[in-house]
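Single-letter residue listing:
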Amino acid sequence: MNSTGKNPGGDKTPGGSTVKDPDGTGTEDAAFTELQKKIAQSGSAVAIAFIGYVDSESSEVDLRAFVAGSETGKEYPSLSRAPLYMAEGQELYAIIPPNDKGTIIVYPSTITEDGEYADDKSNPLHAGEPGEPLLLRCNLSEIYSNVLISATDGGGAIDFRPSLSMENGHLQEIAGVYDFSAYEEVPDERSVQIATELLLETEEVKQAVKQGMKVMYTGTTQWIEGRSCLLFALGTDSEEQFVRERYYGVSDNLIYTYDAVSDTWSVVGRQ
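Now for a look at the structure at hand. Being a predicted model, the structure only gives us computed values, none of them experimental.

### Details of the side chain of Arg244
Here's step 1: Inspection of the secondary structure assignment puts Arg244 in strand S15 (residues 242-251).
Here's step 2: Given the relative accessible area of 4%, Arg244 is considered buried.
Here's step 3: There is a polar contact of 3.1 Å between the side chain of Arg244 and the side chain of Gln90.
Here's step 4: Not counting chain neighbours up to four residues away, the residues in contact with Arg244 comprise Tyr53, Gln90, Glu91, Asn139, Leu140, Glu142, Ala233, Leu234 and Gly235.

### Observations regarding the pattern of salt bridges
Here's step 1: Taken as a whole, this structure holds eight salt bridges when the rule is applied.
Here's step 2: Residue Arg161 is joined to Asp119 by a salt bridge in which the shortest nitrogen-to-oxygen separation is 2.9 Å. In this pair, Arg161 is assigned in the loop between strand S11 (157-160) and strand S12 (177-179) and Asp119 in strand S7 (residues 117-119), connecting sequence segments 42 residues apart.
Here's step 3: Between Glu204 and Arg246 there is a salt bridge, with its nearest N and O atoms 3.7 Å apart. Note that Glu204 is positioned in helix H5 (residues 203-210) and Arg246 in strand S15, a separation of 42 residues in sequence.
Here's step 4: Take Glu204: its relative accessible area is 33%, and that puts it in the partly exposed class.

### Comments concerning unusual backbone geometry
Here's step 1: One non-glycine residue, Asn139, lies in positive phi territory at about 70°.
Here's step 2: Residue position: Asn139 is located in strand S9 (residues 134-139).
Here's step 3: Given a relative accessible area of 1%, Asn139 falls into the buried group.
Here's step 4: The backbone of Asp252 shows a phi angle near 55°, a positive value even though the residue is not glycine.
Here's step 5: In this structure, Asp252 sits in the loop between S15 and strand S16 (254-259).
Here's step 6: Exposure remark for Asp252: the relative accessible area of 71% places this residue in the exposed category.

### What to know about the environment of Asp179
Here's step 1: When you line up the elements, Asp179 lands in strand S12.
Here's step 2: Given a relative accessible area of 34%, Asp179 falls into the partly exposed group.
Here's step 3: Counting along the chain gives 84 residues from Asp179 to Ile95, while the straight-line C-alpha distance between them is 9.5 Å.
Here's step 4: Look past the residues within four positions of Asp179 in its chain and what remains in contact with it is Ile48 and Leu171.

### Focus on the nonpolar core
Here's step 1: Counting 34 residues, the largest nonpolar core has Leu136, Val147 and Ile149 as the members making the most contacts within it.
Here's step 2: For this core, the element with the most residues is strand S3 (residues 46-53), which contributes four residues.
Here's step 3: Ignoring any residue separated from it by four or fewer positions in sequence, one finds Ile149 in contact with Ile95, Ile104, Ile105, Val106, Leu136, Ile158, Asp159, Phe160 and Pro162.
Here's step 4: Within the second largest apolar cluster, 20 residues are counted, among which are Leu35, Ala49, Phe66 and Tyr76.

### Here we look at the pairing of strand S13 (residues 214-224)
When a strand is regular, its side chains alternate between the sheet's two faces.
Here's step 1: Of all 11 residues in S13, eight are buried, a share of seventy percent or more.
Here's step 2: Pairing analysis gives eight bridges linking S13 to strand S14 (residues 227-237), with the strands arranged antiparallel. Across the sheet, Gln222 pairs through a bridge with Cys229, a residue of S14.
Here's step 3: Where S13 folds back onto S14 in an antiparallel hairpin, the turn is made up of two residues, including Glu225, whose phi is positive at roughly 50°.

Rules and cut-offs
Residues numbered from 1 in each chain as written. Predicted model: local features only at pLDDT ≥ 70, side-chain atom pairs only at ≥ 80, totals over all residues. Heavy atoms only, no water. Helix = DSSP H or I, 4+ residues; strand = E, 2+ residues; numbered from the N terminus. Buried < 20%, exposed > 50% of the residue type's maximum accessible area, 1.4 Å probe, protein only. Polar contact = N/O pair within 3.5 Å; in protein donor to acceptor, adjacent residues only side chain to side chain. Contact = heavy atoms within 4.5 Å. Salt bridge = Lys/Arg side-chain N within 4 Å of Asp/Glu carboxyl O. Core = buried A, V, L, I, M, F, W, Y, C linked by side-chain atoms within 4.5 Å. Pairing = 2+ DSSP bridges.

Structure follows, in structure tokens:
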């Protein structure tokens with residue numbers, strides 16, 4: 001998780017901002033070049049990786065540091081220097097074209113009263129240069145995406161929405177999209193059940209649930225104080241979406257809560 005903050009620079013657009021790589025985007029390491037070969041060999045038009053959950057008010061510095069420290073960022077160091085677009089949301093993705101001709105365009109997307117997507121392709125939020133990767137923060141909802149990605153490989157094009165499966169936290173499988181996320185080992189159902197029950201026994205979560213909020217396992221883990229913790233979200237649920245409002249990490253009999261203001265984790269009940 002990352003601390004709150006305002007974007008210190010970059011060109012502003014409604015609903016977010018695009019921040020160009022301050023050191024230039026032409027530098028690519030060998031691992032990144034090899035990744036593009038894998039994308040092309042798979043026949044995919046684009047590749048995407050889920051980097052992790054971040055605070056909706058994270059700054060450019062926060063997000064780049066988050067990428068650099070992630071497993072995906074460690075494997076592909078040049079990603080932390082890629083152009084960054086910050087839409088509203090708490091999910092951070094890396095999107096890669098398969099070659100130096102492929103491009104990535106981000107469009108705004110909303111939901112109609114009938115629950116259908118409405119995309120505005122007349123108003124792109126971000127239009128990348130040929131061969132240019134993109135870091136994208138988006139998605140306030142677990143159910144609906146607030147962006148539409150249009151990716152080309154220099155020939156054909158594919159439109160898709162970055163989103164996660166609520167069952168295991170992995171990316172939704174999309175034809176023509178190569179998933180290069182660095183997933184951790186998924187805990188068994190019993191471990192998730194025990195952690196959920198433990199979380200629901202805490203007083204602050206118990207009170208929140210009584211007030212109508214719900215607890216959801218995100219399908220991911222978070223390292224906190226040297227412990228691998230199952231990551232849960234507490235939020236409000238409706239027919240349209242689940243909006244995350246607070247995060248908890250559970251490891252054995254310890255429960256941590258995340259403070260977005262100070263960007264810190266603390267044990268629940270510890271003074």
